[in-house]
Amino acid sequence: MASITKRVRDIVRERLQSSNGLNAQLATYFADHALADPPVVNWDIEARQFFEANISFDDLVESDSPSTPCVFLYSTGAQNQNRVKFRNFAGQVTMRVDVVIENEATRAPETMENYADLVEEALICCLNAHSWAEVQSGGVAYNGQIETERTAAVTVNSSNWRQVVSAILTFEVTV
């Protein structure tokens, strides 16, 4: 039996990587705003743009060569609420998706917030699509409960301005 949080993580990963997942939504939102070159996540593990872990991007840069946008998918917790008697687990699992975006600029970009807005909209649309939100699989149900946040102020490294856009999702799990 797969772990409780792994079941949920697998479902979210499949959604992000699907043909109408995050890349498709980013392309749509950037086209709607007449912006060229939407960010594209290469989901191949060798591309170093997708990690199933809660890793600081800055720490990752110290030991690896990630590129942006960079996506991190991980669980922030599971709470057995005993909603169904005689089950191993009947409660909530919370998943988090962090998307690290960068803007190459010699000075602070005045439009970085607009860029983050589009990434946030793409995340919401991808993760709350009606065709997916009603899916129940292997005791996992997603009811569309999503929260987004910008986890850090825009920061600068040697050549890029960086920001993190996050989505927090709550799932009901019964196993």
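Note that this is a predicted model, so its numbers are computed, not measured.

Undergrad: I'd like a description of the overall build of the chain, backed by residues and values.
TA: Within the chain, the secondary structure is distributed over five helices and seven strands. Overall, the chain shows an N-to-C arrangement of helices and strands of α-α-β-α-β-β-α-α-β-β-β-β. In terms of overall dimensions, the chain is globule-like: its C-alpha atoms have a radius of gyration of 17 Å, near the 16 Å expected for 175 residues. Principal-axis analysis of the C-alpha atoms gives the chain an extent of 60 × 35 × 30 Å. The 175 residues of the chain split such that 41% are buried. The contacts in the chain between residues at least 6 apart in sequence include a share of 60% that link residues at least 24 apart. Accessible surface for the chain amounts to roughly 9,200 Å². Of this, 47% is attributable to carbon and sulfur atoms. In the chain, 13 positive and 23 negative side-chain charges are present, and the distance between their average locations comes to 11 Å.

Undergrad: Summarise the confidence of the model for the chain; cite the residues concerned and give the values.
TA: Interpretation of the predicted coordinates at a detailed level should be avoided for regions scoring low in pLDDT. Per-residue pLDDT for the chain has a mean of 86; in total, 91% of the residues score no lower than 70. When mean pLDDT is compared element by element in the chain, strand β1 (residues 50-51) scores highest at 96, while helix α5 (residues 130-133) scores lowest at 64.

Undergrad: Now, about the packing of aromatic side chains: what can you tell me, with residues and values included?
TA: Applying the stated rule across the entire model yields four aromatic pairs. Judged by centre distance (5.1 Å) and plane angle (75°), the rings of Trp43 and Phe50 are edge-to-face. In this structure Trp43 comes out as buried when scored by relative accessible area, which is 17%. The exposure class assigned to Phe50 is buried, which follows from its relative accessible area of 10%.

Undergrad: An account of the pattern of salt bridges is needed here, citing residue identities and associated values.
TA: Under the defined criterion, the tally for this structure stands at 12 salt bridges. With a closest N to O distance of 2.4 Å, Asp58 and Arg162 form a salt bridge. Of this pair, Asp58 sits in helix α3 (residues 57-63) while Arg162 is found in strand β7 (residues 160-174), placing the two residues 104 residues apart along the sequence. For Asp58, a relative accessible area of 44% gives the class partly exposed. Glu120 is the salt-bridge partner of Arg150, the closest N and O atoms lying 3.3 Å from each other. With Arg150 in strand β5 (residues 140-150) and Glu120 in helix α4 (residues 112-127), the pair connects residues that are 30 residues apart, well separated along the chain. The class of Arg150 is partly exposed, set by a relative accessible area of 22%.

Calculation notes
Residues numbered from 1 in each chain as written. Predicted model: local features only at pLDDT ≥ 70, side-chain atom pairs only at ≥ 80, totals over all residues. Heavy atoms only, no water. Helix = DSSP H or I, 4+ residues; strand = E, 2+ residues; numbered from the N terminus. Rg over C-alpha atoms; globule rule 2.2 N^0.38 Å. Buried < 20%, exposed > 50% of the residue type's maximum accessible area, 1.4 Å probe, protein only. Contact = heavy atoms within 4.5 Å. Areas by Shrake-Rupley, 256 points an atom, 1.4 Å probe, with all protein chains shown as cover. Lys, Arg positive; Asp, Glu negative; His and termini not counted. Charge placed at Lys NZ, Arg CZ, Asp CG, Glu CD. pLDDT = per-residue confidence, 0-100. Phe/Tyr/Trp six-rings, centres within 6.5 Å; stacked < 30°, edge-to-face > 60°. Salt bridge = Lys/Arg side-chain N within 4 Å of Asp/Glu carboxyl O.

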